[in-house]
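# Summary of structural features
Here's the letter readout for the chains.
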Amino acid sequence: MRRRDQRLIMIAIAAAVLVAAITLTLVGLRSSVVYFVKPSELAEKAQPGRRIRLGGLVVEGTLRRTGTVAQFSVTDGATIVEVRYDGLLPDLFREGQGVVAEGSWAPGEAFAAERVLAKHDENYMPREVTEALKQGGEWRGGRPP
Amino acid sequence: MITEIGAFAAALALALSVLQGALGIALPRSDANSAAMRVAALAGAMLVAIAFAALVVAFVRSDFSLAVVVGHSHTDKPLMYKIAGAWGNHEGSMLLWCLVSAVFAAALAWRRGAQDEGLWRRAVGVQGLVTAGALIYTLFLSNPFARLDPAPMQGSGLNPLLQDPALAAHPPMLYLGYVGLSVPFSLALAALIEGRADQNWAKALRPWTLAAWTCLTLGIGLGSYWAYYELGWGGWWFWDPVENASFMPWLAACALVHSAIVTERRGSFAGWTILLAIIGFGLALLGTFLVRSGVLTSVHAFAVDPRRGIAVLVLLALALGAGFGLYGWRARTLGRASGFAAVSRESMLLWNNYGLAVAAGIVLIGTLYPMLVEAFGGGLISVGPPFFNATVAPLLAALFLVLPFGPMLTWRVGDLAAAARALWPALAAAVVTLTATLIASHGRAAPALGLAIGVWLVAGGLVYLRVRLRRGEGGPLRKLALLPLAVWSMSAAHIGAGVLTIGAVGETGFRSERAAALTPGESIDFAGRRVTLLDIGAVEGPNYSATRADFRVERGGEIRTVSAERRFYPTAAAPTTEVGILSDLDGDLYLALGEPAERGSAAWIVRLYYNPLVQFIFYGVLLMALGGALSLTALLRRRSEP
């Protein structure tokens, strides 16, 4: 094979790889991005079967456990949503504090969480929660963390 | 008093590093100026070392007149974590950044080797400016020596999650890697300023790149290992933006390690190597920006001052602006390409670089996309593992498919048929793995392919070793002893990549988890093991109290015990999880203790994970780092020879 043909083949392969990578990236960004919603937006934005993140404050006195299943309510000051989670709650999960639940929701059911994220440490609140609380008028902290 | 000495030393070091930059870049070339530049670099490094030592002393003595000590230390903390506390916070870690940069500048200044003098003094000068930039940022925007008046009696303690040996070593390792990439950057800028890059220049570049890559590998590995056993989520990599921030420079460094070989051996790719060195350091700075600016929410993001984020962005813009500007102006003068065929060692290294660069680009897009969407009012989103698994994994798989051919091919024109013939045992091993996994997992194609690719890499590395051994002379032992270090290092790194792939695919594809409420004496069958909760009780540690659960694990007649804890640090007012891990060859049983199942009940929630092959991940990382270290040894040994 001539050197020029070899070079053309290499460029063709490189272009094919790049096109494949760009396609995968665009498809991935379209399909596997997880949107964040506040409890008051849930009914409007949630589609059945699509993963979303729900963020807000855990309502005081709503945590119930049955075996490994934990149920609690999350609010942004406007709407209250029931969350169901089968598993270990994070160490920093507390009633009255911020939480982010990742999972799916369908009308008439509790939010089925597959993952529950709480604060990493006492100084840090998930930014999504801060935003939700500010918009719901529930933010009582000073400057946002 | 010691604190004042530290602050003064850092300020003096700033002046010296600016002087070093001026002597290397702006002032005329003379022996006197070069000698002065060397002295400035050495004195600067010593002064930053004094400043850093002063900070460590303040932490050891629990000097609560310093704001950082108050924020991140406590008198009850074990000594090791008092010392580690010096870099377990934003201000101290930035001073560490300066220290590493200054020490590297001194090393660059005093080890000229065979480098061309013009290129060498430019590089030392640029490195001085890098140190100066870091020192300006540290002293003016995150001063670790800031006082608190009146001084409180007690500090608020270090986050208990961070009180861990792996995490004490994680930041220094990562910083050695990040800042290590500043030296290739300085060398690249030196080549652009002078408008030439020779093979001695590439020879000087390689050890720095390798050292940076090795430290990044170890630093990321330590962080991942820590996340695995400390966070209690059973995972080791979450595609968290903070992890991506370190993964992108790693990918660039990995590409640079390979392209520098071509530039040194064949004289080609010089322009690309220079561009890659600029991009690599740019990504390291971007990583620092993402982690330190507070644009990300994570355990790492402790800088909440927006000025700091902007300052890092300014430094990033300066570095990239100078780099790309010079590149655009000078790149054409560098050209000295030597030809190569589509099947050759050069073309394989080109594919390596292409694959790694595209991978870094994808990770960059996935990491920045949520920020862009938010900035344009598109709401809050997160890009997580599904995106990266669907994009980066296939790309790396394609790269790994061709990888074993690389070492088998010769420079200029390679013999593909001969390489394929030599590699057939590796192909056979991969096909057997593929078939066996497909049958055992009832046709799950993706993990089966992943495992097969991992085996292909490991077997391909072994085939290469065998081919090189056969080429030697004398008896088997003599052949083994005469094998060049470079062959060992390349094999170790490539086999390590395979071992890591096997672990990552095994864990991601075949893990299982389950939550259970257990009362003492109760058993559960999980992943071929019978797990019994023996007892739950309170224990006291040096600076915490804990609830401990003891488990008995029965597997095929073999009985072992393991315990898991929930620890309460009074300084933190929040519990942490200490998981129990039982490692076997096939994988880990991983137990995390939760809370009582219901009020008043004796049952506790326990989360059980089975993480198959997970230890392979960490062995793979160690093998890759070993490969880097061996290669570094080979290069330094070669350099010291006449």
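Definitions and cut-offs
Residues numbered from 1 in each chain as written. Chains lettered and ligands numbered in written order. Predicted model: local features only at pLDDT ≥ 70, side-chain atom pairs only at ≥ 80, totals over all residues. Helix = DSSP H or I, 4+ residues; strand = E, 2+ residues; numbered from the N terminus. Rg over C-alpha atoms; globule rule 2.2 N^0.38 Å. Buried ≥ 20, exposed ≤ 12 C-beta atoms within 10 Å, placed from the backbone. Contact = placed C-beta atoms within 7 Å. Expected span 1.5 Å × (residues − 1). Pairing = 2+ DSSP bridges. Axes fitted to C-alpha atoms, helices over the stretch in contact; angles between N-to-C directions. pLDDT = per-residue confidence, 0-100. Parallel < 35°, antiparallel > 145°, perpendicular 65-115°, else oblique. Left-handed = near helix turned anticlockwise from the far one by under 90°. Nonpolar A, V, L, I, M, F, W, Y, C, P; charged D, E, K, R; others polar.

### A word on the overall build of chain B
When its secondary structure is counted, chain B shows 21 helices and 10 strands. Rg of the C-alpha trace for chain B: 26 Å, near the compact-globule value of 26 Å for 642 residues, within the 12% margin. For chain B, the C-alpha atoms occupy an extent of roughly 80 × 75 × 60 Å along the three principal directions. Per-residue burial over chain B gives 55% buried out of 642 residues. When contacts within chain B are restricted to residue pairs at least 6 apart in sequence, those whose partners lie at least 24 apart make up 75%.

### Regarding the overall build of chain A
Broken down by element type, chain A carries three helices and seven strands. The linear arrangement of helices and strands in chain A, starting from the amino end, is α-β-α-β-β-β-β-β-β-α. Here chain A holds 145 residues, and 34% of them are scored as buried. For chain A, long-range pairs separated by at least 24 residues make up 53% of all intrachain contacts whose partners lie at least 6 apart in sequence.

### Remarks on helix α14 (residues 385–402) of chain B
For α14(B), spanning 18 residues, the distance from its first C-alpha to its last is 25 Å, which sits close to the expected 26 Å at 1.5 Å a residue. Along α14(B), the residues classified as buried are Phe387(B), Phe388(B), Thr391(B), Val392(B), Leu395(B), Leu396(B) and Phe400(B). Against α1 (3–31) and β1 (33–37) of chain A together with α13 (345–375), β1 (381–383), α18 (445–471) and α20 (485–510) of chain B lie the buried residues of α14(B).

### Here we look at the sheet that holds strand β9 (residues 587–596) of chain B
All names here are of chain B. Reading across the sheet, the four strands line up as β2-β10-β9-β8 and stay open at both edges, with antiparallel pairing between neighbours. Since the sheet does not close on itself, it has two edges, and those belong to β2 (512–518) and β8 (580–584), each with one partner. Within the sheet, the average angular offset between the axes of one strand and its neighbour, ignoring direction, is 15 degrees. Summarising the sheet, β8 and β9 pair through five bridges and their orientation is antiparallel. Paired with Ile581 across the strands is Tyr590, a residue of β9.

### A closer look at helix α10 (residues 241–266) of chain B
Residues and elements named next belong to chain B. Spanning 26 residues, α10 covers 37 Å between terminal C-alpha atoms, matching the ideal 38 Å at 1.5 Å per step. For α10, the buried fraction is high: 24 of the 26 residues fall into the buried class. Gly267 sits one or two residues past α10 and shows a positive phi near 80 degrees.

### Side note on the confidence of the model for chain B
Close inspection of predicted coordinates is inappropriate for parts of the model with low pLDDT. Residue and element names in this part refer to chain B. Looking at chain B as a whole, the pLDDT averages 89, with 96% of positions reaching at least 70. Mean pLDDT across the elements of chain B ranges from a minimum in strand β7 (residues 574–578), with 80, to a maximum in helix α17 (residues 424–440), with 96. Taken together, the stretch residues 298–303 has pLDDT below 50 and engages in 17 contacts with residues farther than four places along the chain or on a different chain. At the level of chain-chain contacts, confidence expressed as ipTM amounts to 0.81, with global pTM at 0.92.

### Quick notes on the pairing of strand β3 (residues 523–526) of chain B
Put simply, side chains in a regular strand alternate between the two faces of the sheet. In terms of strand pairing, β3(B) meets strand β4 (residues 529–540) of chain B through four bridges, oriented antiparallel. Bridged to Ile524(B) within β4(B) is Val531(B).

### Describing unusual backbone geometry
Residue and element names in this part refer to chain B. That bond from Asp149 to Pro150 is cis: its omega, 0 degrees, falls within 30 degrees of zero. Along the chain, the position of Pro150 falls in the loop between α6 (117–141) and α7 (165–180). The phi dihedral of Ala527 falls on the positive side, at around 50 degrees, and the residue is not glycine. Summarising the element assignment, Ala527 is placed in the loop between β3 and β4. The partly exposed category is assigned to Ala527, around which 19 C-beta atoms lie within 10 Å. For Leu613, which is not glycine, the phi torsion reads 60 degrees and is therefore positive. Mapped onto the secondary structure, Leu613 falls in the loop between β10 (604–612) and α21 (614–640). Judged by C-beta crowding, with 24 C-beta atoms within 10 Å, Leu613 ranks as buried.

### Remarks on the packing of α18(B) against α20(B)
All names here are of chain B. Viewed as axis vectors pointing N to C, α18 and α20 meet at an angle of 165 degrees, and their least axial separation amounts to 8 Å. Relative to α20, the element α18 lies roughly antiparallel. For α18 against α20, the interelement crossing comes out left-handed. The residue makeup of the contact of α18 with α20, split by class, is 16 nonpolar, nine polar and one charged.

### Brief notes about the packing of helix α2 (residues 31–60) of chain B against α6(B)
Residues and elements named next belong to chain B. Orientation of α2 relative to α6, taken along the N-to-C sense of each, is 35 degrees, at an axis distance of 11 Å. For the element pair α2 and α6, the recorded crossing hand is left-handed. Here Ser34, Met37, Ala41 and Gly44 of α2 come into contact with α6, specifically with Arg121, Val124, Gly128 and Thr131. Class assignment for the residues of the contact of α2 with α6 results in three nonpolar, four polar and one charged.

### Here's the deal with the environment of Val33(A)
Residue placement: Val33(A) occurs in strand β1. Val33(A) sits in the partly exposed class, given 18 other C-beta atoms within 10 Å. Sequence separation of Val33(A) and Phe72(A) is 39 residues, and the distance between their C-alpha atoms is 26 Å. Once residues lying within four places of it in the same chain are set aside, the contact partners of Val33(A) are Ile381(B), Val383(B) and Phe387(B).

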